[in-house]
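Each chain, written out:
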Amino acid sequence: RDYTWAKEHLKDMESAVIKETQLRVGYVILANKDGKHTKRTLNTILNQQLKPSKIAVVFFNEDERIKWFHKEIKHIPIERAKIDIVNVIDKDDKNHLIDSGCRRLTETNFITVLDGFFRLDSNFASNLDNQINTHLRKIALVDNIGDGFAVQTDIYKLLGGSFEEPIRDKIRNLAKIQGLEDMIINYDEVC
């Protein structure tokens, strides 16, 4: 930040820096056969204290459920969250579904992948932001969010997602080789 920035934010520089560095968290929901559970999981994301940057809800070859889900969410204002509905038709593989959703979230800092049954704590994103930006903790992966996880977007892109090997396994192996296992934490350390 230069002199011009400081001059513009003279009254409250600290708040301006906090706002600029705040995490942009994107979410992938792996939709399940019961759309109501998927909608409840979506609501736990929408109720995050730190607003979601973008949400990708991933279905596998489900035209009818997608129509139902679209009707259920059409009342959600765009300013609450941009929601992409993704219909994967080529391969019913969990890692492929995750990658299909993650490709929609490249403008985020963290990608959180959730199963359609998981109820995310409303403080998750703000607590993660606090861990990283206030306590300066280096976090590559938040594991055991139910069956899901949260991964740093740049690491996800650098490692090529789950191509050839699940992204969680890639990160765990790399952390072990580099002696950086402390960069992998569990969900209960965030919430």
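For the structure, see preceding data.
Residues numbered from 1 in each chain as written. Predicted model: local features only at pLDDT ≥ 70, side-chain atom pairs only at ≥ 80, totals over all residues. Heavy atoms only, no water.

> Tell me about unusual backbone geometry, and name the residues and values.
Look at Asn61: it is not a glycine, yet its phi comes out positive at around 45 degrees. One can find Asn61 in the loop between β2 (54-60) and α4 (63-73). Overall, the relative accessible area of 45% leaves Asn61 in the partly exposed class. Even without a glycine there, the phi angle at Leu136 is positive, about 55 degrees. (Helix = DSSP H or I, 4+ residues; strand = E, 2+ residues; numbered from the N terminus. Buried < 20%, exposed > 50% of the residue type's maximum accessible area, 1.4 Å probe, protein only.)

> Account for empty space enclosed by the protein, naming residues and giving values.
Tallying each qualifying case throughout the model produces one cavity of 30 Å³ or more. Taken together, Leu30, Lys94, Ile98, Val113, Leu114, Asp115, Asp147, Gly148 and Phe149 make up the lining of the largest cavity. Contributing elements (two or more residues each) for the lining of the largest cavity: α5 (94-102), β4 (110-115) and β6 (148-152). The residue makeup of the lining of the largest cavity, split by class, is five nonpolar, one polar and three charged. (1 Å grid on protein atoms, 1.4 Å probe; cavity = no way out; pocket = protein on both sides within 12 Å on 5 of 7 lines; lining within 4 Å. Points joined across faces, edges and corners; volume = space filled by probe spheres on them. Nonpolar A, V, L, I, M, F, W, Y, C, P; charged D, E, K, R; others polar.)

> If you had to explain the pattern of salt bridges to someone new, which residues and values would you point to?
A full pass over the atoms with the stated rule returns eleven salt bridges. With a shortest N-O distance of 3.6 Å, Glu64 and Lys67 are connected by a salt bridge. Of this pair, Glu64 and Lys67 are both found in helix α4, three residues apart, which corresponds to roughly one turn of the helix. Among the ionic pairs, Lys82 bridges to Asp84, the shortest N-O distance being 3.3 Å. The class for Lys82 is partly exposed, based on a relative accessible area of 39%. For Asp84, a relative accessible area of 11% corresponds to the buried category. The network of salt bridges with shared partners includes Lys54, Lys82, Asp84 and Arg104. (Salt bridge = Lys/Arg side-chain N within 4 Å of Asp/Glu carboxyl O.)

> Quick one: what's the story with the environment of Asn109, residue by residue and with numbers?
Within the secondary structure, Asn109 sits in the loop between α5 and β4. Since its relative accessible area comes to 26%, Asn109 is described here as partly exposed. Spatially, the C-alpha atom of Asn109 lies 9.7 Å from that of Ile155, the residues being 46 residues apart in sequence. Contact partners of Asn109, with chain neighbours within four places excluded, come to Gln22, Leu23, Arg24, Val151, Gln152 and Thr153. (Contact = heavy atoms within 4.5 Å.)

> Describe the sheet that holds strand β1 (residues 25-30), listing the residues and the values that go with them.
Here we have seven strands laid out as an open sheet, ordered β3-β2-β1-β4-β6-β5-β7, and mixed in their pairing. Each edge of the open sheet is held by one strand with a lone partner, namely β3 (82-88) and β7 (184-186). Strand-to-strand, the axes of this sheet are offset by a mean angle of 15 degrees, without reference to chain direction. The sheet strands contacting helix α3 (residues 35-46) are β1, β2, β3 and β4, and the helix crosses β1 at an angle near 170 degrees. (Pairing = 2+ DSSP bridges. Axes fitted to C-alpha atoms, helices over the stretch in contact; angles between N-to-C directions.)

> Before we move on, could you go through the environment of Lys54 and cite the residues and values that matter?
Examined against the element boundaries, Lys54 turns out to sit in strand β2. In the structure, Lys54 is positioned 18 residues away from Glu72 in sequence and 18 Å away in space, judged by C-alpha atoms. Not counting the four nearest positions on each side in its chain, Lys54 is found in contact with Val25, Gly26, Tyr27, Lys82, Asp84, Arg104 and Leu105. Reaching out from Lys54, the side chain makes a polar contact with the side chain of Asp84 at a distance of 3.3 Å. (Polar contact = N/O pair within 3.5 Å; in protein donor to acceptor, adjacent residues only side chain to side chain.)

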